[in-house]
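# Commentary on secondary and tertiary structure
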Amino acid sequence: MRLDGEKTSPKPEYLQLKRGIGLFSGVSLIAGTMIGSGIFMSPQWVLYYVGSPGASLLIWAACGLLAMLGALTYAELGTVIKESGGDYIYILRNIGSLPAFLLAFTSIMVTRPASIAAISLSFAEYVVASFYQDCPMPQVVVKCTAAVCILVLTIINCLSVRLATSFMNIFTTAKILLLLVIIAGGMVLLAKGNTQVLQNSFENTVTGFGPIGLAFYQGLWSYDGWNNLNGVTEELKNPQVNLPRAVMIAIPLVTFIYILVNVSYFAALNPTELLSSDAVAVSWG
């Protein structure tokens, strides 16, 4: 109330998301969403389309460079438009509500469900494969395992941001440790002289635009998730600093790991064995 007795309207209060994601969690979010089914399912398809181990490694490195360029562009957008939502909020603020709505509609109805289904099925195939090593995997078991995975992760993300980031950090660390085991095993094989596949590594390379494009498509699937941190910008501590830092740490790290993992695959498996595998990490083991 003012001194003259006239009532003043209270200042409006705005709801804000809690900034609970630090630099380490930001790196974990990017790396954790990128490292997934792709590195375990795509290597044989990249090799299938380009025809040689050397060309395959070049495709993986080039995909990492493309992801890095895209992520740096998004990091600049995220430091200017400090709102959560990623693609949706950028289109909304710069183009308009109709294109933003169409993006959100297609993402919710088609793109995201298809992506989550593919990732969950890949996860389920690896889980079930350990119980059916000498016989074909029942598809009912694979699909039920994938459905349980989706349900559990949905519940975790609905309960709490802190709980979700804790699970994310744990599983990201576990995935990186697993890949480091594969890398270490490959280095041991190379040290023992298993370098036959890497000799004349560009032999039988396919150079057509179509096969190379399809190889990029398979490789980029493994890098999907480089823009996910922009979707939670309002929950990121000091986004002007932590967003670009998280991008510049996570994507080179993932690219380096992917290349070394593929080298390890080639050290343990010849191209024929790798192409015939449905779960290349299991075959490597």
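Residues numbered from 1 in each chain as written. Predicted model: local features only at pLDDT ≥ 70, side-chain atom pairs only at ≥ 80, totals over all residues. Heavy atoms only, no water.

### As for the overall build of the protein
- The helix and strand tally for the protein stands at twelve helices and zero strands.
- Reading the helices (α) and strands (β) of the protein from amino to carboxyl end gives α-α-α-α-α-α-α-α-α-α-α-α.
- In terms of overall dimensions, the protein has C-alpha extents of about 90 × 40 × 35 Å along its principal axes.
- The proportion of buried residues among the 285 residues of the protein is 39%. (Helix = DSSP H or I, 4+ residues; strand = E, 2+ residues; numbered from the N terminus. Buried < 20%, exposed > 50% of the residue type's maximum accessible area, 1.4 Å probe, protein only.)

### Considerations on the layout of surface pockets
- The volume enclosed by the second largest pocket comes to roughly 360 Å³.
- Lining the second largest pocket, in full, are Met41, Ser42, Trp45, Ala118, Ser122, Tyr217, Gln218, Leu220, Trp221, Tyr223, Asp224 and Trp226.
- Taken together, the residues that form the lining of the second largest pocket break down as eight nonpolar, three polar and one charged. (1 Å grid on protein atoms, 1.4 Å probe; cavity = no way out; pocket = protein on both sides within 12 Å on 5 of 7 lines; lining within 4 Å. Points joined across faces, edges and corners; volume = space filled by probe spheres on them. Nonpolar A, V, L, I, M, F, W, Y, C, P; charged D, E, K, R; others polar.)

### What to know about the UniProt feature "transmembrane region" (unreviewed entry) in the protein
- On the UniProt side, "transmembrane region" (unreviewed entry) is annotated at positions that read residues 21–45, 57–77, 144–164, 170–191 and 246–268 here.
- Secondary structure across residues 144–164 divides into 95% helix and 0% strand, with the first and last C-alpha atoms of the span separated by 23 Å. (UniProt positions renumbered as here; feature names shortened; annotations may be inferred.)

### Digging into the confidence of the model for the protein
- When pLDDT is averaged along the protein, the result is 83, and 93% of the positions lie at 70 or above.
- Within the protein, helix α4 (residues 53–80) carries the highest mean pLDDT (90), whereas helix α12 (residues 280–284) carries the lowest (74). (pLDDT = per-residue confidence, 0-100.)

### A look at the environment of Pro138
- As for its position among the elements, Pro138 is in the loop between α6 (97–129) and α7 (139–159).
- Each C-alpha atom of the pair Pro138 and Ala246 lies 40 Å from the other, and the pair is 108 residues apart in sequence.

### A look at helix α9 (residues 209–222)
- The terminal C-alpha atoms of α9 lie 20 Å apart, and with 14 residues this matches the ideal 20 Å at 1.5 Å per residue to within 8%.
- Along α9, the positions that sit buried rather than exposed are Ala215, Gln218, Gly219 and Ser222. An end-on view of α9 places all buried positions within 95° of arc, on one side of the element. Within α9, the exposed residues directed more than 90 degrees away from the buried face are Phe209 and Tyr217.
- Buried residues along α9 sit against α1 (23–34), α2 (37–41), α3 (43–50), α4 and α10 (239–268). (Expected span 1.5 Å × (residues − 1). Arc of directions from axis to C-beta. Contact = heavy atoms within 4.5 Å.)

### Notes on the side chain of Asn230
- Tracing the chain through its elements places Asn230 in the loop between α9 and α10.
- Separated by 2.8 Å, the side chains of Asn230 and Tyr90 make a polar contact.
- Excluding residues within four positions of it along the chain, Asn230 makes contact with Tyr74, Ala75, Gly78, Glu83, Ser84, Gly85, Gly86, Tyr90 and Leu243. (Polar contact = N/O pair within 3.5 Å; in protein donor to acceptor, adjacent residues only side chain to side chain.)

### Here we look at the pattern of salt bridges
- On inspection of all chains with the given rule, the structure shows one salt bridge.
- One salt bridge in this structure joins Glu83 and Arg93, with 2.8 Å as the shortest N-O distance. Residue Glu83 is located in the loop between α4 and α5 (87–94), and its partner Arg93 is located in helix α5; the two are separated by ten residues in the primary sequence. (Salt bridge = Lys/Arg side-chain N within 4 Å of Asp/Glu carboxyl O.)

### A word on α3
- For α3, the tally of buried residues reaches six of eight residues, placing the bulk of the element in the interior.
- Among the residues of α3, those classed as buried are Pro43, Gln44, Val46, Leu47, Tyr49 and Val50.
- Taken together, the buried residues of α3 touch α2, α4, α9, α10, α11 (271–275) and α12.
- Following α3 by one or two positions, Gly51 has its phi on the positive side, about 90°.

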